[in-house]
Amino acid sequence: GAVKGVIASRKDGSKVTVHADNVILATGGYAGNKEMVEEYLHTDSYYLYGLSTNTGDGLRMALEAGATLCSELAPHLAEFCSNPNVDFYAGYMKFINYTGLLQVTGEGKRFYNEEYGAKEPLSIGASALYAQKYAYAIFTQADMDKMIEGGGAAMLSEEVRAEMNNYRDRACVPFYTLEAEMQAAIDAGEGWKADTLEELGAQIGFDPQVFSQTIADYKEAVASGVDTEFGKRPEMLFPIDEGPFYAVRICPAFDGTLNGIRVNSDMQALNAGLEPIPGLYMGGYDAGGLWAHPYYQTTHTNAVTQGFALTSGYIAANHILSQAQ
């Protein structure tokens, strides 16, 4: 009924027994465990920017000790887009959602105001992509040339960027490898190029009627400067009249997993009856109950999970010391 240490195995298979009155589990969540990600987050479309060594060891040990999971398990999303089959992270394709380009679902339908991919890339942009599991960014050769020359800054005016408190300076450098990255995506079957939008949609497999209506509505918004469907600002309604045209499949990227074992305010692991398990504490990604999706809600706020990792360990250690006195 209580935790009194840890039984572990070395790489050679030999056993190690650590006797301890209290144990703090802080093994970094389960983002590096594909089976747990699919079980708890219900998708395999993520690309992991975090540590692949975080394989859920702490959660599995706590569950075996009688602990219970938090009711809301969520990814710790990154603001970048990505793809599980092509390495966007090494280049500039990861910023393609920062530019406000047209984005559509697997059916070929717009699903949000793409302006927020630039304005609020994490709390709204990444969350919108997460809700769809994946999407397609569509752009023209002219857009490609602009981004190669000046990155995101070439797509957005200084006035527009000045109104976007979360716009990243790192997206304002020339995307000089973007053409090669696009070809790599095409070679991997995750990117497409065509002379017409109809041909592009057919290559990807969009519903022809849905995609045709999406394009007609978007072109009308570009011409009028009024996006009646989502309210996108006119400066970011980029023309899509002249090809060649490109599309790339974009997926959510994540740094880790939010929430794990339910804890009380002292970071003690709780059982199914929400009673603390003596001797067992959780910290960082392994501790559940603090986070809701999305975890990032405010402007210019970074390292929130790192702050919690430090604070949760501090709280747990203080409680252990208070019980020893």
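For the structure itself, look to the data block above.
Residues numbered from 1 in each chain as written. Predicted model: local features only at pLDDT ≥ 70, side-chain atom pairs only at ≥ 80, totals over all residues. Heavy atoms only, no water.

Novice: Would you mind showing me how to read helix 1 (residues 34–41) here?
Specialist: For an α-helix, the turn length of 3.6 residues means that residues three or four places apart are oriented alike. M36, V37, Y40 and L41 are the residues of helix 1 that are buried. The buried residues of helix 1 occupy an angular sector of 100° when the element is viewed end-on, so they sit on one face. Exposed residues lying more than 90 degrees from the buried face of helix 1 are K34, E35 and E39. Packed against the buried residues of helix 1 are helix 2 (57–64), strand 5 (74–82) and strand 9 (245–258). Where helix 1 starts, the residue carrying a side-chain oxygen 3.1 Å from the main-chain nitrogen of E35 turns out to be N33. In the stretch just after helix 1, H42 is the one whose phi turns positive, near 65°. (Buried < 20%, exposed > 50% of the residue type's maximum accessible area, 1.4 Å probe, protein only. Helix = DSSP H or I, 4+ residues; strand = E, 2+ residues; numbered from the N terminus. Arc of directions from axis to C-beta. Contact = heavy atoms within 4.5 Å. Polar contact = N/O pair within 3.5 Å; in protein donor to acceptor, adjacent residues only side chain to side chain.)

Novice: I tried to follow the pairing of strand 1 (residues 5–9) on my own but got confused; where do I start?
Specialist: Looking down a regular strand, the side chains alternate between one sheet face and the other. Pairing geometry for strand 1 and strand 2 (residues 15–19), over five bridges, is antiparallel. By the bridge assignment for strand 2, S9 is matched with K15. Between strand 1 and strand 2, which pair antiparallel in sequence order, lie five residues; one of them, G13, sits at a positive phi of approximately 95°. (Pairing = 2+ DSSP bridges.)

Novice: Would you explain the side chain of D286 in this entry?
Specialist: Checked against the element boundaries, D286 lands in the loop between strand 12 (276–282) and strand 13 (287–288). For the buried D286, no salt bridge is present, and the opposite-charge side chain at shortest range is R60, 9.6 Å distant. (Lys, Arg positive; Asp, Glu negative; His and termini not counted. Salt bridge = Lys/Arg side-chain N within 4 Å of Asp/Glu carboxyl O.)

Novice: Sorry, what's going on with the state of the cysteines here?
Specialist: Disulfide: a covalent bond connecting the sulfur atoms of a pair of cysteines. As enumerated under the stated definition, the model contains zero disulfides in all. Among the cysteines around C81, which has no disulfide bond, C251 carries the closest sulfur, lying 8.8 Å off. Accessibility expressed as a relative area gives 0% for C81, which makes it buried. Note on C251: relative accessible area 0%, which makes it buried. (Disulfide = S-S within 2.5 Å.)

Novice: How do you make sense of the sheet that holds strand 12 when you look at a structure like this?
Specialist: Hydrogen bonds between backbone atoms are what pair the strands of a sheet, whose relative direction is either parallel or antiparallel. Read from one edge of the open sheet, three strands run 3-12-11, paired in mixed fashion. The outermost strands of the open sheet, each flanked by one partner alone, are strand 3 (23–25) and strand 11 (268–270). Taking each pair of neighbouring strands and ignoring which way they run, the sheet shows an average axis angle of 55°. With three bridges connecting them, strand 3 and strand 12 associate as parallel partners. From the neighbouring strand, V23 faces strand 12, where its bridge partner is L280. (Axes fitted to C-alpha atoms, helices over the stretch in contact; angles between N-to-C directions.)

Novice: Hey, could you run me through the pattern of salt bridges in this one?
Specialist: Where charged atoms from two side chains of opposite charge come close, those side chains can pair. For the structure on display, the rule yields nine salt bridges. Note that D241 and K219 form a salt bridge whose closest N and O atoms lie 3.9 Å from each other. On the criterion of sequence distance, the pair formed by D241 in the loop between helix 10 (208–224) and strand 9 and K219 in helix 10 is long-range, its members being 22 residues apart. The exposed category is assigned to D241, whose relative accessible area is 52%. Within the structure, one salt-bridge network assembled from shared partners comprises R110, E114, D227 and K232.

Novice: Help me out: how do you make sense of unusual backbone geometry in this one?
Specialist: In terms of backbone geometry, most residues other than glycine have negative phi values and most peptide bonds are trans. Cis geometry marks the peptide bond from G243 to P244, where omega comes out at 0°. One can find P244 in the loop between helix 10 and strand 9. Backbone geometry places N259, a non-glycine residue, at a positive phi of 70°. Note that N259 resides in the loop between strand 9 and strand 10 (261–262). Unlike most non-glycine residues, M267 shows phi in positive territory, near 70°. Assignment of secondary structure puts M267 in the loop between strand 10 and strand 11.

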